[in-house]
Amino acid sequence: APVRCSGRFLSLFDYKTEKYIVAKNRKVGLLYRLTQLTILGYIIGWVFLSKKCYQETDEAIQSSVMTKLKGVSVTNTSESGLLLWGPEDYVIPPQGEAVLFIVTNFIETPNQTLGYCAESPKVLNGQCQKDKDCDEGKMVVAGNGIMTGQCLKKDENSNGTCEIYAWCPIERKYKPQEPLLTNAENFTIYIKNFIQFHKFGFSKSNVLEKTDNSYLKKCRYDEVLHPYCPIFRLGDITKRAGYNFQDMATFGGSIGIMIRWDCDLDKSSYCHPQYHFTRLDVSDSKKTIASGFNFRHTRYFKNAAGESYRSLIKVYGVRFHIMVHGKVGKMSFFCDMVLLYLMKNGGSYREKKFEKAEITQDNTQEDEECSD
Amino acid sequence: APVRCSGRFLSLFDYKTEKYIVAKNRKVGLLYRLTQLTILGYIIGWVFLSKKCYQETDEAIQSSVMTKLKGVSVTNTSESGLLLWGPEDYVIPPQGEAVLFIVTNFIETPNQTLGYCAESPKVLNGQCQKDKDCDEGKMVVAGNGIMTGQCLKKDENSNGTCEIYAWCPIERKYKPQEPLLTNAENFTIYIKNFIQFHKFGFSKSNVLEKTDNSYLKKCRYDEVLHPYCPIFRLGDITKRAGYNFQDMATFGGSIGIMIRWDCDLDKSSYCHPQYHFTRLDVSDSKKTIASGFNFRHTRYFKNAAGESYRSLIKVYGVRFHIMVHGKVGKMSFFCDMVLLYLMKNGGSYREKKFEKAEITQDNTQEDEECSD
Amino acid sequence: APVRCSGRFLSLFDYKTEKYIVAKNRKVGLLYRLTQLTILGYIIGWVFLSKKCYQETDEAIQSSVMTKLKGVSVTNTSESGLLLWGPEDYVIPPQGEAVLFIVTNFIETPNQTLGYCAESPKVLNGQCQKDKDCDEGKMVVAGNGIMTGQCLKKDENSNGTCEIYAWCPIERKYKPQEPLLTNAENFTIYIKNFIQFHKFGFSKSNVLEKTDNSYLKKCRYDEVLHPYCPIFRLGDITKRAGYNFQDMATFGGSIGIMIRWDCDLDKSSYCHPQYHFTRLDVSDSKKTIASGFNFRHTRYFKNAAGESYRSLIKVYGVRFHIMVHGKVGKMSFFCDMVLLYLMKNGGSYREKKFEKAEITQDNTQEDEECSD
């Protein structure tokens, strides 16, 4: 019993290892080694060479986008007369953001003043047959003003619309037939994109170093001929996204411009942007009632008497959304060490393991003499 | 020694495997199999059915949001008179973005011209007792203009404020008591959201296919009755976020509208948006001095002589931030293979492992005869 | 044979375990235990204490940013006369977003009207020698208007420019020498940032609770003295980003303001914002032709006759981009359990494993008596 006790205490310093069986059969052995080689080949070939696992990557891209439009278009309508549209007018907002709207079509309602007029007959809740239908002081749902309580009719028997307090005359309701800014597809957008990866202290611009000013004045982006020209023709963008610009221009739409940076800092020459274009406002159901993109904005004026009047401008157009993605890879010290370890020390480690086992065991199968 | 050497060379083709002990005890065996079954059940039940591990997922959602407000409100103030506010006025910016500000309250300072006037006594750094307190040519910190070097006082003994070059008259400083756009909570916001998952070539809109135009003209979002109506009443949004619209409307605030898409492409019918609402400008400390949201904008005019004057409009309101999240899942070929492999080949694989061991070992415990 | 069959059936309930060898050698045993202790120490020290693995984290930060500028500047130019710039003028857009542009320099072209004038000689495609060079009805590429088909020359032999239909007079082309809003570096930006982590129901603001109104009226951010003051002087921001404000102000640029939240909810006091500043529009190539940031906007007016005229304002300035990152950590129940399990049950689990093995094996190496 006392022997056992001291044994129990001593067993704290026992070394326990799994017992192995060595099968001395060449066929099985060959198969076993082939399997090992396959796994090693897979690790080196796929993980290291194809997936570049030896590289440390940084996907936390920090990006800044600035845009500038060029091009003008003339429109001639009965309401607005002959008008020249420059970037300061057709880019909304004008400040060169990564999300920008380009006017391609518009309906202007000039010289609106606050006052009393009849609601549009196309507004469902503005229709009336008697004064009681027009709830005084309430707004017309989806309408243009506040009801005064009067129903305006041409004659006793016809249907009318409620009188409203609004900016009069109210906007004509009609579907535009074709885009008024006919030249919009020839406008160009100059996209300046600066990226930074802090982990590696790496920064770059899509306006490549070799680019000179004269090149920027003439070039237009083309996947094959000018893949690094940062100036894009609007018509080309929609075409690359799979749509016709004139079709989109009438009612408006939304286009995504993706800039992808896949940088390999080990090959110092390789860090170039790639551009992709896609229409964003589409869904699987082809004919959607939700298509198109428009909004209204105003310009306020005052006459000599200090009274306000305004122009209401409903604009249709294409919204561009510039999205930047990317990652950068660089030879990693840690990965390097793992690689070296696997290559160099793999064998010696294995030897050590067996050494330990050999210390106390002299008659196990692992120490069998090589006798067939 | 030469025998050992050739043995070392040959040992390259040895097959080494762990040695197993088989315990022939029914109780232990049953426990062992039960444990195995539990693990298998867990894998099938939890990983495959509950977590849908067999599905490949894409979380790189590409989203486009367009918004449109409807509704009008009338205000009547001494400075601005009777005014009608439509979406073109109260939505800032007006272009239907995913981030938009709705005016619910305002202070207008009309007919400002450039000139000389006294700084507001509420501006700390604008107060003075003598001319020396007003540093000529320096701006008043957090003030409205540039000091001229004169201290304007009512009489010799009272405190005064510095004379400044500014847009005069300067804005009155007072805290609004209640929102002027009383009807703002009845405004509606129509949110069009288009999503795309490129991995599966899948796109969808929150304006569902079955939706017809007449439904869109009447419906209002309701979790239970109209969960797929894309039109939201502002008052309902703040209520769902846990706040009263009129409380937020006086000083302004910020609301997040989250659209969550969880799509299972294997069940083709299941891909619908879910809406959540939360107030963004709150912190754990209930009474924060940082609450509220306002900013100033201007409208510039010129009189007949070409001289500029302007209206300064301080607007309070609610900023809405529409955020889209989502992922899509589809039966994965790879996962499918893993599943099949586990089910079909699990057994045969086990058999092979033991076959190998049996080749050279005929007297180990694994080959014990079945004799109790 | 029948005995084997029933044996095969019974073997379904066999318990199979790996066979271990216990090496009774104190040196090896000590080494073995030391290795175990090292691993345990590593787990507790590095994983738990340094990496805080015991904490559950939430990186899905929900953030809302509001900004407000203070400060005025006076400019005096021949075109615009004496002008006072307040935040309502120099912040574009004015609505206090997380991305905002501050005007530091400008070129105004007042009183433009639609009409006919000569294209700028600096526009490449506007130069001409004869009328045929000016393609009637076509826009001048990168120019200001639509060509009328006439070539305007001083005399027969000189080069001229095409006559265009445009907003005349067209903008003078010149490079500004120094920023006109000389006071812009003293402007201050007040950044209100609200964050939420839904997983833990945690929300906080960068305007800390202890902050009182009088502190907010005087404080300026300083890494050491006022690290939690949310008010930043523009000149300090660019300095911290490593650039001189006056250099950036002439042609414009882009600055990123990063707010980092690293919150440990177990130490309730520790959840403070950290600010970092970086210039975004830089690339490794020092002298880039892409530097600078400017855009044009307009103000429209109407004269007494109702004819439109406008001011075209080209503004240069600094765009600030406020980015919020963060994660929050909290003691996790799951992790806690793993910890407890490792500490308490580790031993008993080991015992159980050996119990099972002992049931049927009485003469294996594991049961060796302790006799050296």
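This is a predicted model, so every value here is computed, not measured.

### Some words on the overall build of chain A
- A count of helices and strands for chain A gives seven helices and 18 strands.
- Out of the 372 residues in chain A, the part that is buried amounts to 48%.
- Across chain A, contacts joining residues at least 24 apart in sequence account for 66% of those joining residues at least 6 apart.

### Quick word on the state of the cysteines
Residue and element names in this part refer to chain B.
- By the definition in use, this model includes 15 disulfides over all chains.
- Disulfide partner of Cys219: Cys229, at an S-S distance of 2.0 Å. Between Cys219 and Cys229, the S-S torsion sits near 80 degrees, and that sign places the bridge as right-handed. Within this pair, whereas Cys219 is found in the loop between helix 4 (213-218) and strand 14 (231-233), its partner Cys229 is found in the loop between helix 4 and strand 14, the two being separated by 10 residues in sequence. An identical accessibility class is assigned to Cys219 and Cys229; each is buried.
- Along chain A, the cysteines that take part in disulfide bonds pair up as 1-6, 2-4, 3-5, 7-8, 9-10, counted in sequence order.

### Considerations on a positive patch on the surface
- A grouping of Lys70 and Lys217 of chain A together with Lys122 and Lys173 of chain C is seen on the molecular surface, where their side chains present a positively charged patch.
- Along the chain, Lys173 of chain C turns up in the loop between strand 11 (160-168) and strand 12 (188-197).

### Things to note about the pattern of salt bridges
- Counted by the stated rule, this structure contains 36 salt bridges over all chains.
- A salt bridge links Arg279 of chain A to Asp281 of chain A; the shortest N-O distance between them is 2.7 Å. Of the two residues, Arg279 of chain A and Asp281 of chain A, both sit in the buried class.
- Linked by salt bridges that have partners in common, Glu88, Asp89 and Arg299 of chain A together with Arg310 of chain C make up one network.

### Observations concerning the nonpolar core
- Membership of the largest hydrophobic core comes to 69 residues, with the highest contact counts inside it found for Leu69, Tyr90, Ile102, Leu234, Ile237 and Phe320 of chain A.
- With sequence-adjacent residues up to four places away left out, Leu69 of chain A is seen in contact with Pro87, Tyr90, Val91, Leu100, Ile102, Phe187, Thr188, Ile189 and Leu234 of chain A.

### Observations regarding unusual backbone geometry
- A cis geometry characterises the amide bond from Ile92 of chain A onward to Pro93 of chain A, with omega recorded as -5 degrees.
- Relative to the assigned elements, Pro93 of chain A resides in the loop between strand 7 (91-92) and strand 8 (99-118).
- For the bond running from Cys168 of chain B to Pro169 of chain B, omega is -5 degrees, close enough to zero to count as cis.
- Following the sequence through the fold, Pro169 of chain B ends up in the loop between strand 11 (160-168) and strand 12 (188-197).
- Its identity as a non-glycine residue notwithstanding, Ala142 of chain A has a phi of 60 degrees, on the positive side.
- On the secondary structure map, Ala142 of chain A appears in the loop between strand 9 (127-128) and strand 10 (146-152).
- On the basis of relative accessible area, Ala142 of chain A is assigned to the partly exposed category, the value being 36%.
- A positive phi angle, near 55 degrees, is found at Asn111 of chain C, a position not held by glycine.
- The topology assignment puts Asn111 of chain C in strand 8 (residues 99-118).
- Given the relative accessible area of 43%, Asn111 of chain C is considered partly exposed.

### Re the environment of Ile61 of chain A
All names here are of chain A.
- As for its placement among the helices and strands, Ile61 is situated in the loop between strand 3 (55-58) and strand 4 (62-70).
- As for Ile61 and Lys327, which are separated by 266 residues in sequence, their C-alpha atoms are 6.7 Å apart.
- Ignoring any residue separated from it by four or fewer positions in sequence, one finds Ile61 in contact with Ile195, Gln196, Phe197, Trp261, Val324, His325 and Gly326.

### Looking at the pairing of strand 5 (residues 73-77) of chain C
Residue and element names in this part refer to chain C.
- Alternating positions in strand 5 separate cleanly, Ser73, Thr75 and Thr77 being buried on one face and Val74 and Asn76 remaining unburied on the opposite face.
- By the bridge criterion, five bridges tie strand 5 to strand 6 (residues 81-85) in an arrangement that is antiparallel. Across the sheet, the residue bridging to Val74 is Leu84, located in strand 6.
- Linkage of strand 5 to strand 6, two consecutive antiparallel strands, is achieved through a turn of three residues.

### As for the domain arrangement of chain A
- Along its sequence, chain A is carved into domain 1 (20-57 + 331-347), domain 2 (61-111 + 175-329) and domain 3 (120-169).
- Between domain 2 of chain A and domain 3 of chain A, the C-alpha centre-to-centre distance is 40 Å.

### Section: the UniProt feature "glycosylation site" (unreviewed entry) in chain A
- According to UniProt, the "glycosylation site" (unreviewed entry) feature falls on Asn186 of chain A.
- On the secondary structure map, Asn186 of chain A appears in the loop between strand 11 (160-168) and strand 12 (188-197).
- Ignoring sequence-local partners within four residues, the contact set of Asn186 of chain A consists of Arg233 of chain A together with Met139 of chain C.
- Polar side-chain contacts of Asn186 of chain A include one of 2.8 Å to the side chain of Asn183 of chain A.

### A closer look at the environment of Lys132 of chain C
Residue and element names in this part refer to chain C.
- Mapped onto the secondary structure, Lys132 falls in the loop between strand 9 (127-128) and strand 10 (146-152).
- Among the residues examined, Lys132 registers a relative accessible area of 78% and is labelled exposed.
- When the C-alpha positions of Lys132 and Ser311 are compared, they lie 32 Å apart, and in sequence the two are 179 residues distant.

### Comments concerning the packing of aromatic side chains
- Throughout the structure, instances matching the rule amount to 43 aromatic pairs over all chains.
- Measuring from centroid to centroid gives 6.5 Å for Phe293 of chain C and Phe295 of chain C, while their planes differ by 55 degrees, and the two rings are tilted.
- When its relative accessible area of 4% is taken as the criterion, Phe293 of chain C is described as buried.
- Phe295 of chain C sits in the buried class, given a relative accessible area of 3%.
- The aromatic ring of Tyr243 of chain A is capped on one face by Arg279 of chain A, whose charged end is 4.8 Å from the ring centroid.

Analysis parameters
- Residues numbered from 1 in each chain as written.
- Chains lettered and ligands numbered in written order.
- Predicted model: local features only at pLDDT ≥ 70, side-chain atom pairs only at ≥ 80, totals over all residues.
- Heavy atoms only, no water.
- Helix = DSSP H or I, 4+ residues; strand = E, 2+ residues; numbered from the N terminus.
- Buried < 20%, exposed > 50% of the residue type's maximum accessible area, 1.4 Å probe, protein only.
- Contact = heavy atoms within 4.5 Å.
- Disulfide = S-S within 2.5 Å.
- Patch = residues over 30% accessible without salt bridge, like charges linked within 9 Å, V, L, I, M, F, W, Y side chains within 5 Å.
- Areas by Shrake-Rupley, 256 points an atom, 1.4 Å probe, with all protein chains shown as cover.
- Salt bridge = Lys/Arg side-chain N within 4 Å of Asp/Glu carboxyl O.
- Lys, Arg positive; Asp, Glu negative; His and termini not counted.
- Charge placed at Lys NZ, Arg CZ, Asp CG, Glu CD.
- Core = buried A, V, L, I, M, F, W, Y, C linked by side-chain atoms within 4.5 Å.
- Pairing = 2+ DSSP bridges.
- Domains from an automatic or database assignment.
- UniProt positions renumbered as here; feature names shortened; annotations may be inferred.
- Polar contact = N/O pair within 3.5 Å; in protein donor to acceptor, adjacent residues only side chain to side chain.
- Phe/Tyr/Trp six-rings, centres within 6.5 Å; stacked < 30°, edge-to-face > 60°.
- Lys NZ or Arg CZ within 6 Å of the ring centre and 35° of its normal.

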